[in-house]
Amino acid sequence: MSNTHEILERKDVPQEYKWDLTQIYKNDDEWKADLDSIIPLTEKLASFKGKLSQGADTLLEALKADEALSRVTENVFHYASLLSSADQGDSSAQEKENLAMMTYTQSQSMLSFYTPEILSIPDEKINQWCQLPEFADYKVYIQKILHAKPYILSEKEERILALQSESGQTADRAFSLLTDVDMDFGSIDVNGTPKPLTHSTWSSFQENEDRSIREKSYRQFYGVFKNHANTLAALYAGSVNNDIFVSRARGYPSAVEAALYGNKVPLSVYKNLVETVHKNLPALHRYYGLRKKVLGLDELRHWDVHAPLVKSVKSEISYEESVEIIRGALSPLGTEYTDTLCSGLLGGWADRYENKGKRSGAFSSGAYRGYPYILLNYKSDSIRDVYTMAHEGGHSMHSWYSVHNNPFMCYDYTIFEAEVASTFNEELVFEYMLKNAESEDKKKYLLSMRAGDILSTLHRQTMFAEFELKAHELVEQGQPLSTEVLRSTYRELLELYFGPQMVFEEESDLEGLRIPHFYNAFYVYKYATGISASLALAKRVTQGGKDEREDYFKFLKSGGSRYPIESLRVAGVDMESTKPVQDALDTFASLVDELEKLL
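Before going into details, it helps to say that this report is about the structure given with it. Residues take numbers from 1 onward in each chain, read along the sequence in its written order. Confidence filtering applies because this is a predicted model: local features only for residues at pLDDT of at least 70, side-chain atom pairs given and counted only at 80 or more, and all residues used for totals across whole chains, interfaces and linings. Side-chain measures here rest on the full set of heavy atoms in the structure, leaving out hydrogens and waters.

1. Considering helix α5 (residues 123-130)
Three or four residues apart is the spacing at which side chains of an α-helix point the same way, because the helix has 3.6 residues per turn. Inspection of α5 places I126, W129 and C130 among the buried residues, and these make up the whole buried set. All buried residues of α5 fall inside an arc of 105 degrees around its axis, so they share one side. By definition, residues are in contact when any of their heavy atoms lie within 4.5 Å. Think of it this way: any DSSP run of H or I at least four residues long counts as a helix, any run of E at least two long counts as a strand, and we number them from the N terminus. Buried residues along α5 sit against α2 (56-86), α4 (114-120) and α6 (139-147). To sort residues, take the accessible area from a 1.4 Å probe on protein chains only and compare it with the maximum for the residue type: under 20% means buried, over 50% means exposed, and anything in between is partly exposed. Arc definition: directions from the helix axis to the C-beta atoms.

Right, here's the structure in full:
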């Protein structure tokens, strides 16, 4: 099942390799019953219209009705989304997801009065009510509503935005179906055996030591994207236009500020990240120069950037072996952490291997009920998949601690924080595998891979973040996003980040049209800030004592009870400073120094 050439239909995947969704609903009938209950629960909350300011007791009852509705809605969405991700070609799963979205849109349109009416209560009065003991589970929730006050619209306007939310997801859904279901990338012949080329196997082909396989898979993969370039550009332009529509409707200065405001992340954090990475590009260019030299190439091409620098190292790590590596690597966090995570990975948390129609890549998806689920496309011949498992496990354990230490209305942490817990785990896995490497070549391999991983998470995601910002700013300045505009904008960034060593192909800039995260605007910069924070915290925890470890667990347990900058300060790092980003870039530069000596 772990072999890259054995890709089954979903129905043929053994149950022990799938996640256990019965922890949310035992069957589809239970899901349907909850779906059908959303509108009656909405009507109960809507019955408080015009009454919220009457007194603390009335508002408290409304908040309880809000919680009951939110819990059911979360479960309905979570279940449908996981089913769809496991097999995007499953029409039944797609129908569930569509029904959930339609019902949610109807529900939100009925509740367009709710937030504006809460905000109409005088601040002094509502703040006094929040101090009452019975409001303890809702205090943070109300405070976050009050924070949004400058950008909350009238009841009628909120209803219009709620009705638009479903159609606003069209570009994202169409992109996902086109790239994960409709596109067929064919197969690549490897040593006489044809192996399917998919989003999941793409990385294995690009890491192949045989340059001809890397080139063929590259050209074949991007050839398919080239055939759909105009459609992909139109979909992304539609997504950007929707972001700007919502931000302008609410009165934000820009789309990026709309994305940052809710989490109280200053715009300076985003811009400082880009500027700091720009200042440190010489080390990145030096890395590509080293890569060209070590690979013995006359020209460094785009299909050479993932080729192994240490060719003699092979890996074959089963799924179960990967779990045990993670158990050992994360032991500084204690047995509660490792036992919980490893039991989940071997139990019902994880959907392990690729199947036809399955969403590419990996993710963790936690909710208040059920497991903190993990979607993987695990391949035993890629060490990087050990890191991916640890990464998603970090998300899931963050969810586990958040659920077990917070009331429902404030358990959900932000993505800004999430990428810290995940990349923290990656750093511990790297240190563990390096310490236990059985040969010098293995150490060289791990060092080169770690440099590549930091590059992918810090430099590459910052490049993505810069592209997103440029795309949105172009539209905000009145420039439509044509296929040519998007491709030329992305190519300029490729040339800036990769530097003079790289020779690009005509199709290289199509990469900017295949990144699914772009449909969740201004998400990717959090990978870069996340790894910057996590490198600092991993060093603090492993070199510190009990207090430093407890500070990290305070962060994991915070859930949504604090804003992200504040919760990271509790852990011991200040993300409003450029220091964590600069320190992470210095770590990368030191890895390049070490690799230059070794290779």
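2. Remarks on the side chain of T340
With respect to the element layout, T340 can be found in helix α16 (residues 335-346). Definition of a polar contact: a pair of N or O atoms within 3.5 Å, with one able to donate and the other able to accept a hydrogen when the atoms are protein atoms, and with sequence-neighbouring residues admitted only if both atoms are side-chain atoms. Separated by 2.6 Å, the side chain of T340 and the backbone oxygen of E336 make a polar contact. Discounting chain neighbours no more than four positions away, the residues touching T340 are T335, W349, M397 and W400.

3. Some details on the sheet that holds strand β4 (residues 350-351)
The strand order β4-β6-β5 describes an open sheet built from three strands, whose pairing is mixed. Looking at strand neighbours, the two that pair on one side only are β4 and β5 (363-365), the edges of this open sheet. As paired strands, β5 and strand β6 (residues 373-375) are joined by three bridges and run antiparallel to one another. Bridged to F363 within β6 is L375. DSSP calls a pair of strands paired once it identifies at least 2 bridges connecting them.

4. With respect to the packing of aromatic side chains
Only Phe, Tyr and Trp rings are paired, with Trp represented by its six-membered ring, and only when their centres lie within 6.5 Å; those with planes under 30 degrees apart are stacked, over 60 edge-to-face, the remainder tilted. Enumeration according to the criterion identifies 48 aromatic pairs in this entry. Residues W19 and F363 carry aromatic rings whose centres are separated by 6.3 Å and whose planes lie at 40 degrees to one another, so their mutual orientation is tilted. Of this pair, W19 sits in the segment before α1 (28-46) while F363 sits in strand β5, and the two are 344 residues apart along the sequence. Comparing W19 with F363, the two get one shared label, buried. Between F416 and Y525 the ring centres are 6.0 Å apart and the planes differ by 55 degrees, which places this aromatic pair in the tilted class. Note that F416 is positioned in helix α18 (residues 415-435) and Y525 in helix α21 (residues 525-543), a separation of 109 residues in sequence. As far as the burial class goes, F416 and Y525 line up, both buried. Through pairs of rings, three or more aromatic residues link up here, namely F175, Y236, F464, F467, Y490, F518 and Y519. Counted as over-ring charges are cases with an Arg CZ or a Lys NZ within 6 Å of the ring centre that also lie within 35 degrees of the ring normal. The residue whose ring lies beneath K144 is Y563, and the NZ or CZ to ring-centre distance is 5.5 Å.

5. Brief notes about the pattern of salt bridges
By salt bridge we mean one thing: a side-chain nitrogen of Lys or Arg within 4 Å of a carboxyl oxygen of Asp or Glu. Under the counting rule described, the total for this entry stands at 40 salt bridges. One salt bridge in this structure joins D339 and R327, with 3.3 Å as the shortest N-O distance. Taken together, the positions of D339 in helix α16 and R327 in helix α15 (residues 319-329) put the pair 12 residues apart, joining distant regions of the chain. A relative accessible area of 39% means that D339 is categorised as partly exposed. D509 is the partner of R487 in a salt bridge, and the nearest nitrogen-oxygen pair spans 2.5 Å. Remark: D509 occurs in the loop between β7 (502-503) and α21 and R487 occurs in helix α20 (residues 483-498); sequence separation between them is 22 residues. Residue R487 is classed as buried on the basis of its relative accessible area of 16%. Because the salt bridges share partners, they merge into one network encompassing E215, R219, E299, R301, E505 and E507.

6. Overview of the nonpolar core
By convention a nonpolar core is built from buried Ala, Val, Leu, Ile, Met, Phe, Trp, Tyr and Cys residues, the set being connected through side-chain atoms within 4.5 Å. Core analysis: the largest hydrophobic core is formed by 141 residues, its most contacted members being Y319, Y337, L345 and Y552. Here this core takes 15 residues from helix α19 (residues 440-476), the largest share from any one element. Membership of the second largest hydrophobic core comes to 46 residues, among which are L35, L52, A62 and I142.

7. A few points about the pairing of strand β2 (residues 193-196)
Of the strand pairs in this sheet, strand β1 (residues 187-190) and β2 are connected by four bridges, and their pairing is antiparallel. Paired with I188 across the strands is K195, a residue of β2. Once β1 ends, the chain turns through two residues before running back antiparallel as β2, passing N191 with a positive phi of about 55 degrees.

8. Overview of the environment of H285
Mapped onto the fold, H285 is located in helix α14 (residues 281-294). For H285 and D28, which are 257 residues apart along the polypeptide, the C-alpha to C-alpha distance reads 53 Å. Not counting chain neighbours up to four residues away, the residues in contact with H285 comprise L496, Y497, F498, G499, P500 and Q501.

9. Topic: the state of the cysteines
When two cysteine sulfur atoms are found within 2.5 Å, that pair is recorded as a disulfide. All chains considered together, the criterion is met by zero disulfides. Unpaired in terms of disulfides, C130 finds its nearest cysteine sulfur in C410, a separation of 12 Å. Owing to a relative accessible area of 3%, C130 belongs among the buried residues under this scheme.

10. A few points about α16
Expected helix span is taken as 1.5 Å per residue step, with the number of steps being one fewer than the number of residues. With 12 residues, α16 extends 16 Å from end C-alpha to end C-alpha; this agrees with the ideal 16 Å at 1.5 Å per step. Where α16 is concerned, the buried positions are Y337, T338, T340, L341, C342, G344 and L345. Turning to α16, the residues buried within the fold contact α15, β4, β6, α17 (384-403), α18 and α22 (546-558).

11. Remarks on unusual backbone geometry
Positive phi is not limited to glycine here, since N191 has a value of about 55 degrees. By the secondary structure assignment, N191 is in the loop between β1 and β2. N191 gets classed as exposed once you look at its relative accessible area, which sits at 78%. You will see that K264, though not glycine, has its phi angle at about 55 degrees, which is positive. Relative to the helices and strands, K264 is located in the loop between α12 (255-261) and α13 (267-279). For K264, a relative accessible area of 44% corresponds to the partly exposed category.

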